[in-house]
Each structure stands twice: as C-alpha cells, then as structure tokens.
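Structure assessment
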Amino acid sequence: MTYTIYVDSPEETEKFALKLASLLQPQDLLTLEGDLGAGKTTFTKGIAKGLGIKRMVNSPTFTILKQYSGDLDLNHFDVYRLEDSEEDIGFDELFSSEAVSVVEWAKFIEEYLPANRLEIIITRQSETGRVIVLNPIGERYETVCKELKL
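Let me begin by describing the structure that accompanies this report.

Criteria and thresholds
- Residues numbered from 1 in each chain as written.
- Predicted model: local features only at pLDDT ≥ 70, side-chain atom pairs only at ≥ 80, totals over all residues.
- Heavy atoms only, no water.
- Buried < 20%, exposed > 50% of the residue type's maximum accessible area, 1.4 Å probe, protein only.
- Helix = DSSP H or I, 4+ residues; strand = E, 2+ residues; numbered from the N terminus.
- Arc of directions from axis to C-beta.
- Contact = heavy atoms within 4.5 Å.
- Expected span 1.5 Å × (residues − 1).
- Polar contact = N/O pair within 3.5 Å; in protein donor to acceptor, adjacent residues only side chain to side chain.
- Core = buried A, V, L, I, M, F, W, Y, C linked by side-chain atoms within 4.5 Å.
- Pairing = 2+ DSSP bridges.

Notes on helix α4 (residues 139-147)
Among all positions of α4, only Tyr-141, Glu-142, Val-144 and Cys-145 are buried. What you see down the axis of α4 is that its buried residues fit within an arc of 155°, all on one side. Turned more than 90 degrees away from the buried face of α4, the exposed residues are Glu-139 and Lys-146. Where α4 is buried, its residues meet β1 (3-7), α1 (10-21), β2 (29-33), β6 (117-124) and β7 (130-137). Of the residues one or two after α4, Lys-149 is the one with positive phi, at around 55°.

Rendered as structure tokens:
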C-alpha cells in the first residue's frame, strides 16, 4: 500500500519529515527519489532536525556521503554520481550501523539496498507544492506509515 501527502511549501515538507523522524529507529533506511529541485534535501533537513542534529545539512553531491551526530545519527547519501558505477563504498556496513540512513537517488545503487526500506518519491506539483508518496517495503515501514496517520 502506498501513502500520499500534499505539501504547499518547503516548510511543510520539512515539517512532515520532522514528524516522520520522530518514528525512526537505528538502522532505518529511507530512499528518496525525485527530479532535481523536488525537495529531497529539504526533506532530509527535516529528518535531521527530528533526529536532534544541530549541524547544517546540505546535499553530499560531491562527497556521496555526509554523516551527522544527533540523538540518532544520520548517514545522508547522494548517490547521483554513482550512476553506471559498480563502486561499493561499504553500503552493507553503513546500512547496518546504528544510524538512520537517507539515500537520495537510490535507484542508482538498487543492488546494494536492503530489502526492507521506506521508499519516498517527491514530485513537483507547482512552484512550491509537492506530492510525497511513501511506499513502505517491509512490516516495520508499514507500521511507521500507519503511525503517521496519513
């Protein structure tokens, strides 16, 4: 089952992600898909705030991975540059760490992703409006989506 929400501003995107973050646990995996400028990094900023991370969060486009410490740690991946690459930067170890992982452009590393995860697709509807679709894969993520009361 998929869950859909509509947001009208970057602030609403961040607020929804903050709410989602309150339900996350160590080793949770969120994958983010969406065109450039859809709001993936804005969404991740909300997750980071919800995890108690105080540092500024920005896209790790050139470094692939940024790690942040908070009440729960965060591994923030942007794997866009790994398209058509066979490079494994230790995904298994990173996904099994105690951190929450958020992967932007996850389709480029599909073969390295754990079977269970929360797939999130953000689509631009207008200048500031977005549609956020959650596709829970696995019982854990189905429970998270139900707890969000969407």
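Comments concerning α1
One turn of an α-helix holds 3.6 residues; hence residues three or four places apart share an orientation. For α1, which comprises twelve residues, the first-to-last C-alpha distance of 16 Å matches the rise-based estimate of 16 Å (1.5 Å per residue) to within 8%. Considered for burial, the residues of α1 that qualify are Thr-13, Glu-14, Phe-16, Ala-17, Leu-20 and Ala-21. Mapping the buried residues of α1 onto a view down its axis gives an arc of 160°, with all of them on the same face. Within α1, the exposed residues directed more than 90 degrees away from the buried face are Glu-11 and Lys-15. Residues of α1 that are buried sit in contact with β1, β2, α2 (40-50), β6, β7 and α4.

Considering the environment of Asp-28
Here Asp-28 is to be found in the loop between α1 and β2. Its relative accessible area of 4% is what places Asp-28 among the buried residues. Spatially, the C-alpha atom of Asp-28 lies 7.5 Å from that of Ala-99, the residues being 71 residues apart in sequence. Once residues lying within four places of it in the same chain are set aside, the contact partners of Asp-28 are Leu-23, Ala-99, Val-100, Ser-101, Arg-140 and Tyr-141. A polar side-chain atom of Asp-28 sits 2.8 Å from the main-chain amide nitrogen of Gln-25. Polar contacts involving the side chain of Asp-28 include one to the side chain of Arg-140, which spans 2.6 Å.

Points about the nonpolar core
Grouped together as the largest cluster of nonpolar side chains are 46 residues, with contacts concentrated most on Leu-20, Phe-43, Ile-47 and Ile-120. For this core, the element with the highest residue contribution is α1, accounting for four residues. Setting aside residues no more than four positions away along its own chain, Ile-120 makes contact with Leu-20, Leu-30, Thr-31, Leu-32, Glu-33, Phe-43, Ile-132, Val-133 and Leu-134.

Concerning the pairing of β7
Pairing analysis gives five bridges linking β1 to β7, with the strands arranged antiparallel. Of the residues in β7, the one forming a bridge with Tyr-3 is Leu-134. Here eight bridges tie β6 to β7, and the two strands are oriented antiparallel to one another. Across the sheet, residue Thr-123 finds its bridge partner in β7, namely Val-131. Taking the residues between adjacent antiparallel strands as the criterion, β6 and β7 are bridged by five residues.

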